[in-house]
Amino acid sequence: MKRAAVIVFLVVVAIPLVLAMADLPPYGSPDSPAYTHVGSYYLEHGVEEAGAENIVTDVILNYRGFDTEGEVTVIFTAMAAVLAVLMVAGGGTAEARPLPTPPSVVVRFIVRVMAPLTLMFAAYVIMNGHITPGGGFQGGTVAGAVFIALTLVMTEHDVSHLIPHRPERVLQAAAPIVYCAVGLLGLTLFDVYLGYPRTEEMALLRTAMLVALEIGIGVGGATVIATIFRTMGSDQ
Amino acid sequence: MIEALWHNIDYVACVVLFCIGLYAMIAKDNLIKKFIGLNIMETSVFAFIVALGVVEDGDAPIMGSGATPPFINPLPQSLILTGIVVAVSTTALALTLIIRIHKQCGTIEADELREME
């Protein structure tokens with residue numbers, strides 16, 4: 001009975017949506033409104049104005065830099081909320097307990113062999129975000145996945161050494177901190193918060209600022225993901 | 001109209017995905033299944049917005065040597081990158097709250113939780 005009611009409701013929801021989809025501009029059309037205004041402006045002027053060959057990076061770090069700063073604050077706040085809800089803010093307080101089913105030797109070996117290679121790939125993705133597909137968020141997620149894979153095959157004691165203890169808090173907040181630093185640098189040099197140099201002579205400084213932001217986002221993202229996963233797993 | 005729908009079949013697929021997620025959110029009692037449904041809904045919206053930026057025979061919007069127009073619209077991709085991170089944050093927080101609920105009440109079935117009150 002309940003299931004039938006839900007399905008009727010879904011059909012009622014779906015019909016107007018499907019009808020609206022038929023009225024949208026055809027898929028892949030270069031004349032669609034989404035493509036003819038700001039998107040094409042970014043494509044034409046992005047490289048000279050924002051400095052990165054990857055236009056998506058231009059939009060994220062330059063044109064909509066404030067948006068991204070808010071976003072890194074959101075992910076940091078989410079981690080803080082996770083720690084607050086589970087109340088293990090000290091970190092590493094949970095006693096070591098054996099895994100329910102120890103992973104096989106093959107899994108352990110493969111994860112340990114793949115981890116450094118995958119981390120190297122993550123570093124490549126982060127550092128080349130301005131000229132190739134990739135960037136801080138993507139590389140940070142790959143690095144975070146390495147930490148999660150290692151968490152699955154290692155004992156609790158070894159896992160607590162994965163992230164260095166003393167700078168742990170700083171690493172977790174790396175993305176907002178680097179963002180504020182680069183923003184204030186722009187404020188002092190160019191009188192605009194998060195301002196970038198616009199002349200060709202200072203293109204190197206501009207690229208350095210972009211790469212610094214990418215590294216900050218990548219390190220912060222990876223640490224936040226690893227911390228969230230470890231906090232959820234260690235508290236039972 | 002059927003022809004227009006057939007040409008926009010990618011958008012229709014997003015609507016179907018959205019409805020699957022909505023079904024999981026409404027009909028399932030398990031809280032984790034509800035949030036997986038929410039994630040499916042989010043994914044459908046992301047896919048829809050990225051599909052809006054696709055251009056016929058378009059290339060990735062990376063200007064380098066050898067890049068030839070047309071390029072795919074970079075704006076939806078950037079916006080969705082933001083959206084994905086926020087979705088991850090909400091999912092992490094939701095799962096944490098579910099862990100708390102399980103510790104406090106011993107169950108994560110919505111109907112059993114309702115009876116407990």
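Residues numbered from 1 in each chain as written. Chains lettered and ligands numbered in written order. Predicted model: local features only at pLDDT ≥ 70, side-chain atom pairs only at ≥ 80, totals over all residues.

Caption draft 1: Seen up close, the overall build of chain B. Within chain B one finds 5 helices and 0 strands. Relative to the compact-globule value of 13 Å for 117 residues, chain B shows a C-alpha radius of gyration of 19 Å, a clear excess of over 25%. Dimensions of chain B, computed from C-alpha atoms along their principal axes, come out at roughly 65 × 40 × 15 Å. Out of the 117 residues belonging to chain B, those deemed buried represent 25%. Residue pairs at least 24 apart in sequence account for 45% of intrachain contacts in chain B once pairs closer than 6 positions are excluded. (Helix = DSSP H or I, 4+ residues; strand = E, 2+ residues; numbered from the N terminus. Rg over C-alpha atoms; globule rule 2.2 N^0.38 Å. Buried ≥ 20, exposed ≤ 12 C-beta atoms within 10 Å, placed from the backbone. Contact = placed C-beta atoms within 7 Å.)

Caption draft 2: Spatial organisation of the packing of helix α2 (residues 9–27) of chain B against helix α3 (residues 31–52) of chain B. Residues and elements named next belong to chain B. Running from N to C, α2 and α3 cross one another at 165°; their axes reach a closest spacing of 7 Å. With respect to α3, the element α2 is oriented roughly antiparallel. As for how α2 packs across α3, the hand of that crossing is left-handed. Note on element contacts: α3 touches α2 through Lys33, Lys34, Ile36, Gly37, Leu38, Ile40, Met41, Thr43, Ser44, Ala47, Phe48 and Ala51, opposite Asp10, Tyr11, Cys14, Leu17, Phe18, Ile20, Gly21, Leu22, Ala24 and Met25. Of the residues contributing to the contact of α2 with α3, the split by class is 15 nonpolar, 4 polar and 3 charged. (Axes fitted to C-alpha atoms, helices over the stretch in contact; angles between N-to-C directions. Parallel < 35°, antiparallel > 145°, perpendicular 65-115°, else oblique. Left-handed = near helix turned anticlockwise from the far one by under 90°. Nonpolar A, V, L, I, M, F, W, Y, C, P; charged D, E, K, R; others polar.)

Caption draft 3: Highlighting the interface of chain A and chain B. Facing the 44 residues of chain A at the interface are 44 residues of chain B. Elements represented by at least two residues in the side of chain A that touches chain B include exactly α1 (2–23), α2 (33–36), α3 (38–50), α4 (55–63), α5 (65–86) and α11 (203–234) of chain A. For the side of chain A that touches chain B, the element with the most residues is α5(A), which contributes 10 residues.

Caption draft 4: Representation of the nonpolar core within the structure. Among the nonpolar cores identified, the biggest contains 53 residues, and Val59(A), Ile75(A), Phe76(A), Met79(A), Ala175(A) and Leu213(A) are the most heavily contacted of them. At the level of secondary structure, the elements contributing two or more residues to this core comprise α3, α4, α5, α6 (105–127), α7 (136–153), α10 (174–190) and α11 of chain A together with α4 (74–105) of chain B. It is α11(A) that provides the largest number of residues to this core, a total of 11 residues. Met21(A), Phe18(B), Cys19(B) and Met41(B) belong to the second-largest nonpolar core, a separate cluster that totals 9 residues. (Core = buried A, V, L, I, M, F, W, Y, C linked by C-beta atoms within 7 Å.)

These results come straight from atomic positions and should not be treated as a statement about function.
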